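Next come the chains, spelled out residue by residue.
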Amino acid sequence: MRCLLEPDQTEELVVGYGAGTLDPSATAAFERHMSCCDVCREAGTMQQVVWGALDQWRDVVMSAIMDRARAVELR
Amino acid sequence: MTPDLVESRVPRVPQPSWSARVYYHRATASPIQQTQDRDAELMLRVRDGDQRSFELLLEKYRGPLIHFLHRMVQNDAVAEELTQEVFLRVYNSRGNYEPSAKFTTWLFRIATHLALNSIRDGRNEKSHTSLDKVTTEGATRQVPDLRRTVEQELLYEAKLGEVRQAIRSLPAKQRAAVMMHKYDEMEYAQIANAIGCSESAVKSLLFRAYEALRARLAHML
């Protein structure tokens, strides 16, 4: 099925959905749309994966920075 | 002048309301917004020659800037160096500061500019203290997860390496936009000011960046 959303609307919804920052009603509406739009379903699902992966990476980077800060303090 | 540098809390700012159909849960008042007047006031004092006010700004924003620059250049030594350069430029530009511009917007615009130049010049690639090694080694040392087998640990590190590589492969402006959006939770307007483009351009930039990340990390699903 061809996506009926405008491209700029899709961009905002996909990014917001992945970030979990959409209003509950907007989330529900987008999820209903995703249930019948393969393109948006794939983009929305993958955006969540990317968001999670970036969270994981942030944690590792922060952990490394804190390690270095502690090492400096111990000197 | 070399004032003591002290880590400070990363300021969090709310996301914008994007359109009539897209809303946000995040709080409308943020620490950055609440302290804008205070920052501007401090910067005006700096303009008038008050070094203590400059030290206060430095203490407050050094941490957030280092974190931002670390994520941008992925190199701890270069991030430290760039952070100092940002504050040096702020200090040297104090005479031209106008409170009509948000202090943080101005600060991050300078930081973004320097980071993009650094990436363009490949300074972060030349340094020997890349965060590449530090990240995985640091994480393993910092939070050893005893439940993970060696195989799982290797897989985890490999995935992190892929994420890092995917981020690194983004064009510099896209990377900057993602870092500011994802990790600094900056508004579109703030990102636009920092990068020097329109809000709609930022939206497109971000979507293209995330689209590229989705394609590169699709196998992680």
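Predicted, not measured: the structure shown is a model, and the values here were computed from it.

## A closer look at the overall build of chain B
The helix and strand tally for chain B stands at 10 helices and zero strands. If you list the helices and strands of chain B from N to C, you get α-α-α-α-α-α-α-α-α-α. Considering chain B as a whole, with its 221 residues, one finds that 39% of them fall into the buried category. Counting only contacts in chain B whose residues sit at least 6 apart along the sequence, the fraction spanning at least 24 positions is 67%.

## Quick notes on the overall build of chain A
Within chain A, the regular secondary structure consists of three helices and zero strands. Going from the N terminus to the C terminus, chain A shows its helices and strands as α-α-α. Relative to its full complement of 75 residues, chain A shows a buried share of 33%. When contacts within chain A are restricted to residue pairs at least 6 apart in sequence, those whose partners lie at least 24 apart make up 65%.

## Comments concerning helix α10 (residues 199-216) of chain B
Relative to the 26 Å expected for 18 residues at 1.5 Å per residue, α10(B) spans 26 Å between its end C-alpha atoms, a close match to the ideal helical length. Every buried residue of α10(B) is listed here: Val202(B), Lys203(B), Leu205(B), Leu206(B), Phe207(B), Ala209(B), Tyr210(B), Leu213(B) and Arg214(B).

## Some thoughts on the environment of Lys159(B)
Mapped onto the secondary structure, Lys159(B) falls in helix α7 (residues 150-169). Sequence spacing of Lys159(B) and Met220(B) is 61 residues, and the spatial spacing of their C-alpha atoms is 7.9 Å.

## A few points about the packing of helix α8 (residues 172-183) of chain B against α10(B)
All names here are of chain B. α10 packs onto α8 with a crossing angle of 95° between their chain directions and a minimal axis gap of 9 Å. Taken together, the axes of α8 and α10 lie roughly perpendicular to each other. Note on element contacts: α10 touches α8 through Val202, Leu205, Leu206, Arg208 and Ala209, opposite Lys173, Gln174, Ala177, Val178 and His181. Taken together, the residues that form the contact of α8 with α10 break down as six nonpolar, two polar and two charged.

## Looking at the confidence of the model for chain A
The predicted model of chain A averages 81 in pLDDT, with 75% of residues at 70 or higher. Mean pLDDT across the elements of chain A bottoms out in helix α3 (residues 38-74) of chain A (75) and peaks in helix α2 (residues 24-34) of chain A (92).

## Points about the packing of helix α4 (residues 103-121) of chain B against helix α9 (residues 188-195) of chain B
Residues and elements named next belong to chain B. Axis separation between α4 and α9 bottoms out at 7 Å; the angle between their running directions is 50°. The angle between α4 and α9 places the two elements in the oblique class. Taken as a pair, α4 and α9 cross one another with a handedness that is right-handed. Across the interface between the two elements, Thr105, Phe108, Arg109 and Thr112 from α4 touch Gln190, Asn193, Ala194 and Ile195 from α9. In terms of residue class, the contact of α4 with α9 is built from three nonpolar, four polar and one charged.

## Some words on the nonpolar core
All names here are of chain B. In terms of nonpolar packing, the biggest core is built from 66 residues, with Leu69, Ala111 and Ala177 touching the most fellow members. Per-domain counts for this core show at least three residues from each of domain 1 (29-129) and domain 2 (170-221). Ignoring sequence-local partners within four residues, the contact set of Ala177 consists of Ile191, Ile195, Val202, Leu205, Leu206 and Ala209.

## A closer look at the environment of Leu5(A)
All names here are of chain A. With respect to the helices, strands and loops of the structure, Leu5 is situated in the segment before α1 (7-19). A C-alpha to C-alpha distance of 9.1 Å links Leu5 and His33, two positions 28 residues apart in sequence. Contact partners of Leu5, with chain neighbours within four places excluded, come to Thr10 and His33.

## A short note on unusual backbone geometry
You will see that Gln74(B), though not glycine, has its phi angle at about 55°, which is positive. Its location among the elements puts Gln74(B) in the loop between α2 (51-73) and α3 (76-92).

## Some words on the confidence of the model for chain B
All names here are of chain B. Here chain B shows a mean pLDDT of 72. Residues at 70 or above account for 69%. When mean pLDDT is taken per element in chain B, α10 scores highest with 91 and helix α6 (residues 131-142) scores lowest with 41. For the stretch residues 1-32, pLDDT sits under 50, and the model shows 65 contacts to residues farther than four places along the chain or on other chains. Across residues 127-144 the pLDDT falls below 50, and counting only partners more than four positions away or on other chains, this stretch makes 33 contacts in the model.

Conventions we followed
Residues numbered from 1 in each chain as written. Chains lettered and ligands numbered in written order. Predicted model: local features only at pLDDT ≥ 70, side-chain atom pairs only at ≥ 80, totals over all residues. Helix = DSSP H or I, 4+ residues; strand = E, 2+ residues; numbered from the N terminus. Buried ≥ 20, exposed ≤ 12 C-beta atoms within 10 Å, placed from the backbone. Contact = placed C-beta atoms within 7 Å. Expected span 1.5 Å × (residues − 1). Axes fitted to C-alpha atoms, helices over the stretch in contact; angles between N-to-C directions. Parallel < 35°, antiparallel > 145°, perpendicular 65-115°, else oblique. Nonpolar A, V, L, I, M, F, W, Y, C, P; charged D, E, K, R; others polar. pLDDT = per-residue confidence, 0-100. Left-handed = near helix turned anticlockwise from the far one by under 90°. Core = buried A, V, L, I, M, F, W, Y, C linked by C-beta atoms within 7 Å. Domains from an automatic or database assignment.

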